[in-house]
Amino acid sequence: MFNVDLHCHSTVSDGALAPAEVAARAKANGVDVWALTDHDEIGGIAEAREAAGDLGMRYVTGVEISITWAGDTIHIVGLNFDETDADLARGLASTRSGRERRAREMAEQLAVAGIPNAFEGALKYVGNPDLISRTHFARYIVETGRCADTTEVFRNFLIEGKPGYVPHRWATLKDAVTWIRNAGGIAVVAHPGRYDLSDLALDSFLKEFKRFGGVGVEVVTGSHTPDEYGRFADVARQYGLLASRGSDFHAPGESHTDLGGLPPLPATLVPVWHDWRL
Ligand code: AMP
Ligand code: MN
Ligand code: MN
Ligand code: MN
């Protein structure tokens, strides 16, 4: 039995540790097979792969792509692709491109809500100037004392209907899945329990995802409750999707699940790594 963790973040997106530090933490926590899946970025892959190699940990390329589907933001994880693929790199660059402008608008709203200088404040937490995210704003809002932790921030700010929320158009489902597939990888729906989709909308989404060539769904993730492990195990079986497992670790003490710290996938599911040579 391998401890497989195929979802986490570094300073190349909104994580707090550098790729090599994430690798070391994964290894220390007993992870055998590891993917770094930064948001809309593959700039951490070289460092991650080298660190994993030094630690004797199996490394798999990864990315988490932001998409807009029927007005909702959804995340698609890509795994085991060729990171030198030019179309993938271009697609990710275009997906990242609106982030700074969006962040400036977020900061304007936060200023009106009594949190001035949030753009500069968030930037202090940013490791990659191309990837300023809501997480960086959340860390700054905690720093100002307005909220006790980032969970409280995401209840009162930065979400639809609250100050600091700026709607954004990310990649399309078709493009994200196609970039991943054409680079030789597999596409996996990230943390489906996190989206505000009706059963009907989830059904349409998963059918479309499969039609474009998507093959997997995260079942055991740090973003699901144990009840949701069961619910999405059923979904994986019902739709004939491979199952994935990943902590979605961002920062020590910030994410409730640490690297490698989740239960195994239910034994009756086919894991995304079933045909990888491990
Ligand atoms: P962005 O891509 O800029 O919209 O930021 C999305 C990121 O915000 C996610 O990847 C999470 O890291 C973080 N996030 C969103 N919602 C929450 C939440 N409720 N609690 C903690 N972090 C959240
Ligand atoms: Mn994140
Ligand atoms: Mn996500
Ligand atoms: Mn994530």
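As shown above, the structure is provided for reference.
A.B. asks: Give me helix H1 (residues 19–28): which residues, what numbers.
C.D. replies: Within H1 the residues assigned to the buried category are Pro 19, Val 22, Ala 23 and Ala 26. Relative to the axis of H1, the buried residues are bounded by an arc of 100 degrees and lie together on one face. Buried residues belonging to H1 abut strand S2 (33–35) and helix H2 (45–55). Gly 30 sits one or two positions beyond H1 and adopts a positive phi of about 90 degrees.

A.B. asks: Outline the site of ligand 1, supporting the account with residue identities and numerical values.
C.D. replies: Around ligand 1 lies a shell formed by Asp 14, His 39, Arg 99, Arg 102, Ser 133, Arg 134, Thr 135, Phe 154, Arg 194 and His 250. Separating an oxygen atom of ligand 1 from a side-chain N or O atom of His 250 is a distance of 2.9 Å. With the chains in place, 79% of the 500 Å² that ligand 1 exposes on its own is no longer accessible. When contributions to the shell around ligand 1 are tallied by element, the ones reaching two or more residues are helix H4 (99–112) and helix H6 (134–144). A domain-level breakdown of the shell around ligand 1 finds at least three residues from each of domain 1 (4–96 + 170–246) and domain 2 (99–158).

A.B. asks: Help me get a handle on a negative patch on the surface, residues and values and all.
C.D. replies: Together, Glu 21, Glu 47, Glu 50 and Asp 54 make up a negatively charged patch on the protein surface. If one sorts the elements of the negative patch by residue count, H2 sits on top with three residues. Residue placement: Glu 47 occurs in helix H2. Assessed through its relative accessible area of 36%, Glu 47 is described here as partly exposed.

A.B. asks: Now, about the coordination of the manganese ion (ligand 4): what can you tell me, with residues and values included?
C.D. replies: Under ideal tetrahedral coordination, the four donors around a metal are separated by 109.5 degrees; under ideal octahedral coordination, the six donors are separated by 90 or 180 degrees. Taken together, the protein donors to the manganese ion (ligand 4) comprise His 7 (NE2), His 9 (NE2), Glu 64 (OE) and Asp 248 (OD), at separations of 2.1 to 2.3 Å. Of note, the manganese ion (ligand 4) draws all its donor residues from one chain, in the sequence arrangement H-x1-H-x54-E-x183-D. A separation of 4.5 Å is found between the manganese ion (ligand 4) and the manganese ion (ligand 2). Of this pair, Glu 64 sits in strand S4 (residues 62–69) while Asp 248 is found in the segment after strand S8 (242–246), placing the two residues 184 residues apart along the sequence. Each member of the pair Glu 64 and Asp 248 is classed as buried.

A.B. asks: Outline the nonpolar core, listing residues and values.
C.D. replies: Core analysis: the largest hydrophobic core is formed by 70 residues, its most contacted members being Trp 34 and Ile 67. With 19 residues, the next largest nonpolar core counts Leu 110, Ile 115, Val 126 and Ile 141 among its residues.

A.B. asks: Give a detailed account of the sheet that holds strand S7 (residues 216–221), specifying residues and quantitative values.
C.D. replies: Strand order across the open sheet formed by five strands is S4-S5-S6-S7-S8, with mixed pairing between neighbours. Both edges of this open sheet fall to S4 and S8, since each of them pairs with a single strand only. Mean inter-strand twist for the sheet, computed between neighbouring axes without regard to direction, equals 40 degrees. Bridge count for strand S5 (residues 72–79) against strand S6 (residues 186–189) is four bridges, and the pairing is antiparallel. Counterpart to Leu 79 in the pairing with S6 is Ile 186.

A.B. asks: Before we move on, could you go through the sheet that holds S2 and cite the residues and values that matter?
C.D. replies: The strands making up a sheet associate through hydrogen bonds between their backbones, and the pairing can be parallel or antiparallel. If you walk across this open sheet you meet the three strands as S1-S2-S3, and the pairing is parallel. Whereas interior strands pair on both sides, the edge strands pair on one side only; in this sheet they are strand S1 (4–5) and strand S3 (58–60). Alignment of S2 against S3, held across three bridges, turns out to be parallel. Residue pairing across strands places Trp 34 opposite Tyr 59, the latter belonging to S3. Contacts between H2 and the sheet are confined to S2 and S3, with S3 contributing the most and set at about 165 degrees to the helix.

Procedures and definitions
Residues numbered from 1 in each chain as written. Chains lettered and ligands numbered in written order. Predicted model: local features only at pLDDT ≥ 70, side-chain atom pairs only at ≥ 80, totals over all residues. Heavy atoms only, no water. Buried < 20%, exposed > 50% of the residue type's maximum accessible area, 1.4 Å probe, protein only. Helix = DSSP H or I, 4+ residues; strand = E, 2+ residues; numbered from the N terminus. Arc of directions from axis to C-beta. Contact = heavy atoms within 4.5 Å. Near = heavy atom within 4 Å. Polar contact = N/O pair within 3.5 Å; in protein donor to acceptor, adjacent residues only side chain to side chain. Areas by Shrake-Rupley, 256 points an atom, 1.4 Å probe, with all protein chains shown as cover. Domains from an automatic or database assignment. Patch = residues over 30% accessible without salt bridge, like charges linked within 9 Å, V, L, I, M, F, W, Y side chains within 5 Å. Salt bridge = Lys/Arg side-chain N within 4 Å of Asp/Glu carboxyl O. Lys, Arg positive; Asp, Glu negative; His and termini not counted. Charge placed at Lys NZ, Arg CZ, Asp CG, Glu CD. Donors = N, O, S within 2.8 Å, 3.2 Å for Na, K, Ca; no water. Core = buried A, V, L, I, M, F, W, Y, C linked by side-chain atoms within 4.5 Å. Pairing = 2+ DSSP bridges. Axes fitted to C-alpha atoms, helices over the stretch in contact; angles between N-to-C directions.

Nothing here speaks to function; it is geometry throughout.
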